[in-house]
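Residues per chain, in single letters:
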Amino acid sequence: MNIDGNSETLIARQSIMNRQGDCVAHELLFRGRSQDTSAVVVDDGFASTMMVVQNLLGRIGIETVLGEGDGFLNCPDEFLASGFIDILPARRMVLEILESSSLDDALARRCRVLRERGFRIALDDVRGVTPEMLAFLPNVDLVKIDWPYVDLEMAIRITQACHAADKTVLAEKIETREDYAQALEIGCDLFQGFYFTRPQLLKSGGSATENSAPLLGILDLVLQEADIENIEHALKMSPSLTVKFLRLANSSSRWRTHVSEITSVRKALSLVGYRQLARWCCFMLYGADKNGQTDPLTQLVMRRADFMERIAQKIFPHDERLQQEAYLSALLSLAHVPLGVDARSFMNGVAVGAAIREAVVSHSGWLGALLTVGECVERGEFPTPAQLADLCPDGQPEALLDSFYL
C-alpha cells in the first residue's frame, strides 16, 4: 500500500455534525502510516477496512475512537459480504456502500440481513437521482450527497427523494460557509467536511504483537466448550487481553441496552458467547503484526476464512456447526507459520475436533476439501470437475461443484 516502514500505523476520524452543530458520529478512515490527513491511496480496500477495524476494537479501542457517538465505515463489497462484519458493534455502526458497488439484488439481500442485525446502511458519494438509486433506497438508512460534484438543483432533488422515502441525508465534503448554509437550507440532516474538521489522526500506539500462548489457550478452552469459570480464569491471567475483551463487550450491540458498562469478565463472557469469543481470539491472533502493519499472511487467512465459511453455507445451509468449523479450519490453517513450526506440531497443542485437525494437517474430509479449493482459488487456479470429484470424501462432488461454480 505504499506505506513507509519507519512510522506508525495511523487511522483517522472525521466528525459528522447534526443540524444543531453537535458532533454525533465520526467517519473512520484508513491512513496507513501517511502523515497526510487529507488523502491516501488505497490499493486494497478490504485490507484497509480490516486495519481500521483492528484499531477500533483492539489497539486503540472504541471508546477512544468514537466516544459516545457512532462510527461510519467504508465497506468494500468483499468486506460487506464477509463474516468479519459480525465482530463490529452493530448498533453503533453505519456501513457505507461505496460508489463502485453494484446496487443489485444480492447487495440488497445482504443489506436487509445487516439491518435486521442492527447495522445502518449508507449510500456513499451519491451524485444524482437515478432509477437504480431510487429502487435501492428501501435497503438503506442514509444517503451521503457528494456535495462538490452536484449543483444545488440536483442536491435539492436528492434530498427531497430521500426524505420522501424517510431516509436521512448527509452532505459530505462541505468546505465553506456557503456550502453549509445551502445544505442547511435545503434540509440536509447531517454534515461532514473540512469546514467543520479535518480528519484527525489516531496512533495505534506502536507494535500490537500479542503473546500467542494466551490467545491459543483461550481458544483451546472455547473449542472444548469448557466451563465459563475456566475461560474466565484464562482471560484474567492475561491482563492486556482482558482489557481488549472488555472493550469488545462494552462496544457490542447485543448488550448496549444495559445502563452501566460491563466491568465483569464473567458478565462479558456470558453476553458475548463462545462463538464470538472464538472468532475474536483468531482475529487477535492474526491481528498481531509487525510494526503495526497488517502483513500479507493476515490478509490471506482472513480471506480464506471468509471464503470457506461462505462455501460451507452454500453446501450445508442448515449446519451452522460445520460452517463454524470451516471458518475455524481456515483461520487455524496458517497459525503455525508465525510460530515457526509445522501444522501437525501446532495442531497437537490445540484441542480441536478431529474434522478440523484432519483438515489442517492432511487436508482430508469435507473441511479439507474446502481448504484445498480455497488454496486453489488463492493461486488463481480453477479446479476441474474431475479434481473436485477427487477431493470429495464421499465421492459425490455435486454439492461442491454447485457451490463452486455458482
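Keep in mind that this is a model prediction, so the values were computed, not measured.

A. Representation of the overall build of the chain. The secondary structure content of the chain amounts to 19 helices and 9 strands. In the chain, 65% of the contacts between residues at least 6 apart in sequence involve partners at least 24 apart. Just so you have it, the chain exposes about 18,000 Å², and 50% of that area is on carbon and sulfur atoms.

B. Spotlight on the packing of aromatic side chains. On inspection of all chains with the given rule, the structure shows 7 aromatic pairs. Here the aromatic rings of Y180 and Y195 are separated by 5.6 Å at their centres, their planes lie at 35°, and the arrangement is tilted. Taken together, the residues Y180 in helix α7 (residues 177-185) and Y195 in the loop between β8 (190-191) and β9 (200-203) connect sequence positions 15 residues apart. For the ring pair Y195 and F196, a centre distance of 5.2 Å and an interplane angle of 75° mean the geometry is edge-to-face. Among the residues examined, Y195 registers a relative accessible area of 28% and is labelled partly exposed. Here F196 falls in the partly exposed class, since its relative accessible area comes to 21%. Counting every residue linked through ring pairs, the aromatic cluster contains Y180, F191, Y195 and F196.

C. Looking closely at the pattern of salt bridges. Applying the stated rule across the entire model yields 14 salt bridges. Note that R127 is salt-bridged to D146, the shortest N-O span being 2.9 Å. On the criterion of sequence distance, the pair formed by R127 in the loop between β5 (120-126) and α5 (131-136) and D146 in strand β6 (residues 142-146) is long-range, its members being 19 residues apart. Its relative accessible area of 45% is what places R127 among the partly exposed residues.

D. Structural view of the environment of L248. Tracing the backbone shows L248 in helix α10 (residues 239-251). Through-space distance from the C-alpha of L248 to that of L56 is 9.5 Å; in sequence the pair is 192 residues apart.

E. Spotlight on the confidence of the model for the chain. Per-residue pLDDT for the chain averages 79, and the proportion of residues at 70 or more is 77%. Taken as a whole, residues 1-7 scores under 50 in pLDDT and shows 16 contacts with residues more than four places along the chain or in a different chain. Per-residue pLDDT stays below 50 along residues 253-259; that stretch engages in 18 contacts with residues further than four places along the chain or on separate chains.

F. Looking closely at the pairing of strand β7 (residues 168-172). Of all 5 residues making up β7, 4 are buried, and the element is well covered by its neighbours. By the bridge criterion, 5 bridges tie β6 to β7 in an arrangement that is parallel. Paired with K144 across the strands is L170, a residue of β7. In terms of handedness, the path from β6 via helix α6 (residues 152-164) over to β7 forms a crossover that is right-handed. Sheet topology note: the β7/β8 ladder contains 2 bridges and is parallel. Along β8, the bridge assignment pairs A171 with F191. As for the winding sense of the linkage, the β-α-β connection from β7 through α7 to β8 is right-handed.

G. Local environment of the environment of M50. Assignment of secondary structure puts M50 in helix α1 (residues 45-59). Counting along the chain gives 29 residues from M50 to F79, while the straight-line C-alpha distance between them is 8.2 Å.

H. Up close: unusual backbone geometry. Although it is not a glycine, D125 sits at a positive phi angle of roughly 55°. Looking at where D125 falls in the secondary structure, it is placed in strand β5. A relative accessible area of 15% places D125 in the buried class. The backbone phi angle of K173 is positive, close to 60°, even though this residue is not glycine. With respect to the element layout, K173 can be found in the loop between β7 and α7.

I. Focus on the side chain of D146. Accessibility expressed as a relative area gives 0% for D146, which makes it buried. Looking at D146, its side chain comes within polar contact range of the side chain of R127, at 2.9 Å. Side-chain polar atoms of D146 contact the side chain of K173, separated by 2.8 Å. The residues contacting D146, other than those within four sequence positions of it, are D125, V126, R127, E172 and K173.

J. Representation of the side chain of E96 within the structure. Within the secondary structure layout, E96 lies in strand β4 (residues 93-97). Note on E96: relative accessible area 0%, which makes it buried. Separated by 2.9 Å, the side chains of E96 and K144 make a polar contact. Apart from the residues lying within four places of it in its own chain, the contact partners of E96 are E27, F72, L73, N74, C75, A122, D124 and K144.

K. Broad picture of the packing of helix α16 (residues 354-362) against helix α17 (residues 365-378). In the contact formed by α16 and α17, the axes pass within 7 Å of each other and the chain directions differ by 35°. For the crossing formed where α16 meets α17, the hand is right-handed. Between α16, through A355, I356, A359 and V360, and α17, the contact on the second element is made entirely by L367, G368 and L371. Across the contact of α16 with α17, the residue classes tally to 6 nonpolar, 1 polar and no charged.

L. Representation of the nonpolar core in the model. The biggest cluster of nonpolar side chains holds 109 residues, and the ones touching the most others in it are F79, L88 and L95. Not counting residues within four places of it along the chain, the set of residues in contact with F79 comprises F46, T49, M50, V53, L73, F84, I85 and L88. Ranked by size, the runner-up nonpolar core spans 8 residues in total, among them I16, V94, A122 and L170.

Parameters at a glance
- Residues numbered from 1 in each chain as written.
- Predicted model: local features only at pLDDT ≥ 70, side-chain atom pairs only at ≥ 80, totals over all residues.
- Heavy atoms only, no water.
- Helix = DSSP H or I, 4+ residues; strand = E, 2+ residues; numbered from the N terminus.
- Contact = heavy atoms within 4.5 Å.
- Areas by Shrake-Rupley, 256 points an atom, 1.4 Å probe, with all protein chains shown as cover.
- Phe/Tyr/Trp six-rings, centres within 6.5 Å; stacked < 30°, edge-to-face > 60°.
- Buried < 20%, exposed > 50% of the residue type's maximum accessible area, 1.4 Å probe, protein only.
- Salt bridge = Lys/Arg side-chain N within 4 Å of Asp/Glu carboxyl O.
- pLDDT = per-residue confidence, 0-100.
- Pairing = 2+ DSSP bridges.
- Right-handed = clockwise from strand over helix to strand, strands pointing away.
- Polar contact = N/O pair within 3.5 Å; in protein donor to acceptor, adjacent residues only side chain to side chain.
- Axes fitted to C-alpha atoms, helices over the stretch in contact; angles between N-to-C directions.
- Left-handed = near helix turned anticlockwise from the far one by under 90°.
- Nonpolar A, V, L, I, M, F, W, Y, C, P; charged D, E, K, R; others polar.
- Core = buried A, V, L, I, M, F, W, Y, C linked by side-chain atoms within 4.5 Å.

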